[in-house]
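Read off the chains here:
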Amino acid sequence: MTNRLERNWRLWALALILGLAFALRLYRLGAESLWYDETVSVYLAAQSVPDLVAHTAGDIHPPGYYLLLHGWTRLAGDSDFAVAFPSLFFGLLLVALAYQIGIQVFGWRAGLLAALLVATSPFNLWYSQEVRMYTLGAALGLGALVVILPLLTGRSGRPPAWARLAVYALCAAAGLWVLYYFAFPLVALNLMVGLWWLARWRRGRVAGGWLGRWALAQLAVLILYAPWLPIAWRQASRPPVPPWRSFTGLADLLAQTWSALCLGQSVDPDCVWPVLLLFAALFVLGLLARHLRPSWRRGWLVPGGVRPWFLAGYVFVPVFLIYLASFLTPLFHVRYVFTYSTPFYVLLGAGLAWLWRRGRGVAALALIVVLVACGLSIYAYHTDARYASDDHRGAVQFLAERWRPGDAILVNAGYAYTALTTYWDGDPLEWRGRLSGEWPIVERSASERGPVVVQSGTVDGDPSLGWGDPDSDFYALSQAETEEALARLFAGYHRVWVYRIYDTVTDPEGAIRDWLAERGTQFEDRVFAGESQLRVQGYLTDRDPCDADAQPRDDGLADGSLRLEALVPWPPTLEAGEALDLSPVWRVDAPPADDAILFAGLFDGQGRRWAQTDERPLGSLYPVSAWPAGALVRTPLRIVVPAETPPGSYQVLAGWYRFQDGEPVWLAWTSGERLALGLVPVVAPQDWAAQPVPPVAYPLDIT
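Described in the following lines is the structure provided in the data block. Here the structure is a predicted model, which means the values were calculated and not measured.

A word on the side chain of Thr635
And step 1. Mapped onto the elements, Thr635 comes out in the loop between strand 16 (632–634) and strand 17 (637–640).
And step 2. A polar contact is formed between the side chain of Thr635 and the side chain of Trp586, at a distance of 2.9 Å.

The structure is reproduced here in structure tokens:
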């Protein structure tokens, strides 16, 4: 009865820990924008399976996780919340697996403490909310580790059971299909198992059959991974991406690794070094816990005595292997440490359990300090702007609201287009491809034409980028080719929007930035949150503002500052619920004395306003007062016509006003006249069912 009660108590404790872990991971899940890597996940998950596999064959990660996400989004949708849920699930699985390893090696108390530490770990929380493959890779690695650890107890020299080896092979192969960096823990496992077997074989405690079965398990892993092995080898030997990492020295590598393992990536290690020392003490206690018993004289090969060292090796040997490989090509990033991190918390739990048996007060104090430090790191993760993800959601929304027909969008660096396509909810993209490609030129001012998105390459990059595949996201362009392509872009479009992130990687000398600054007139520059300094910039080009089909006008403001030179025609009819795009072209006789706002609206025969837009012409960096005398300036406007607008003919009127004392005041400079731009017939939509149901102001409980 006592054992049953104790077992039930442990299960309830584990359930509470899992509930805490779930709550921490659910809080603000999907609240922030996805950053670039996460948008790659969403973009690939939306592709067909053949396209997904073909794309990952030229990318830096294999297709396993993306295939899983592809299936998940078909069931749950592709909202930022939904796509993060698989990472949350596997993050919870890590809590349960930490408990299982803890009780295998150290006992139930260490298992519960390990589960609690994983549940509250800022490092785990970070990646349990990220739409990437890291929690899945970590869970597969722990699955392989769970079936290996019982083989190292030293109680029997019999060969391992085939069932365990089969589970190991499946987990190991699946891990390779999910993450190339999964190869490092597999190499580490084989090194440690080989050393363990050699030490026991020399003492006659294990036969060669043990190693033979283990070798067959590794062969099974290779066979299961064989279809992707040639692609993996090509990506490892000739990476298709531009080099974006620099070599990390050993001291810096260790500092980043230890700080992240202890308190995640949302702390300054210099400010929390006493807590990091406490973690080190607990880690050492956990590592030596089984040797601090009366049987310590029997050495590190006592039954189960090797397994704590095995756990430590699983965490740190892959990191050391990454460091060695970085002498060939820089590979280290602290995010990959997470994949091997869970045994670290098991050893911390073992250290706390050892302290608990010797003095509960000291153990409780150490646990409180650890949990408080983790809590502060989690608070910073959610609130400190330094750890906010790049706000692609806000940047793309900003761009979509300001794009107008006749504009092109340049994504610099080009491979970041996945962020644009993930969050774009404006006009359907008409074309997307390389800056060096043949994009459609705006020959006429067709207002129904959608955005054209061009992607820059790596300026003067290695010609082998993307392996020369024309469909690859990564490609090289010489500076001369880049400048020629930009000149064609400026000749083909009235405005060019630049979606700018990571351009210092693909254009380290700033050739594109310098060319745009020299040839274009910048009218907008908005910086968005996140460490990468994501920004959206707008440039006026040197294309003639008056298109071939623009209708000449001669309407001037009474003060003689601006004259409507031409007006691009709009479609003959407009459906209610659509947008009317206007492109008036103004001749500047003399810049207005004050900054001004341009408005345009639809008015019926009784003068009632049904739709209106008020915009600062062009953008914040090029106000009306800065327009040079004699210039022709195109000011694209968009009027969204409400879906409930009655069919009929509407007058399009435009005018200018300036703000006074913070309040909008209509002030056409003398007589208050508005410019009549023409008539637009508004027709009923063809599909009335597609219109939104108006909200009910006063619901009645009747049928």
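Next, the rest of the story.
Looking at helix 11 (residues 208–225)
And step 1. Taking 1.5 Å per residue, 18 residues should reach 26 Å; helix 11 reaches 26 Å between its end C-alpha atoms and fits that length.
And step 2. Among all positions in helix 11, only Trp210, Trp214, Ala217, Gln218, Val221 and Tyr225 are buried. In a view along the axis of helix 11, the buried residues occupy a sector of 95°, so they form one face of it.
And step 3. Elements that come into contact with the buried residues of helix 11 comprise helix 8 (134–148), helix 9 (162–178), helix 10 (183–202) and helix 12 (229–237).

Section: the sheet that holds strand 8 (residues 535–540)
And step 1. Strand order in this open sheet of six strands is 2-3-1-6-8-7, and the pairing throughout is mixed. Whereas interior strands pair on both sides, the edge strands pair on one side only; in this sheet they are strand 2 (431–434) and strand 7 (521–527). With strand direction ignored, the average angle separating the axes of adjacent strands in the sheet is 20°.
And step 2. In the sheet, strand 2 pairs with strand 3 (residues 452–455) via four bridges, with the strands oriented parallel. The residue of strand 3 that forms the bridge with Arg434 is Gln455.
And step 3. Helix 23 (residues 511–519) rests against strand 1 (407–412), strand 6 (495–500), strand 7 and strand 8 of the sheet, and its axis sits at about 150° to strand 1.

A word on the pattern of salt bridges
And step 1. Taken as a whole, this structure holds 15 salt bridges when the rule is applied.
And step 2. Between Arg500 and Asp503 there is a salt bridge whose closest N-O contact spans 3.1 Å. As far as burial versus exposure is concerned, Arg500 and Asp503 are alike and both buried.
And step 3. Salt bridges sharing partners connect three or more residues here, namely Asp427, Asp581 and Arg638.

Let's talk about unusual backbone geometry
And step 1. The residue after Asn412, namely Ala413, is reached through a cis peptide bond having omega 10°.
And step 2. Position of Ala413 relative to the elements: it lies in the loop between strand 1 and helix 20 (417–423).
And step 3. With a phi close to 55°, Trp467 is a non-glycine residue in the positive phi region.
And step 4. Among the structural elements, Trp467 can be located in the loop between strand 4 (458–459) and strand 5 (476–477).
And step 5. You can call Trp467 buried: its relative accessible area is 18%.
And step 6. Non-glycine residue Leu618 carries a positive phi angle of around 70°.
And step 7. Following the sequence through the fold, Leu618 ends up in the loop between strand 15 (609–615) and strand 16.

Conventions we followed
Residues numbered from 1 in each chain as written. Predicted model: local features only at pLDDT ≥ 70, side-chain atom pairs only at ≥ 80, totals over all residues. Heavy atoms only, no water. Helix = DSSP H or I, 4+ residues; strand = E, 2+ residues; numbered from the N terminus. Polar contact = N/O pair within 3.5 Å; in protein donor to acceptor, adjacent residues only side chain to side chain. Expected span 1.5 Å × (residues − 1). Buried < 20%, exposed > 50% of the residue type's maximum accessible area, 1.4 Å probe, protein only. Arc of directions from axis to C-beta. Contact = heavy atoms within 4.5 Å. Pairing = 2+ DSSP bridges. Axes fitted to C-alpha atoms, helices over the stretch in contact; angles between N-to-C directions. Salt bridge = Lys/Arg side-chain N within 4 Å of Asp/Glu carboxyl O.

Taken by themselves, the reported measurements are silent on function.
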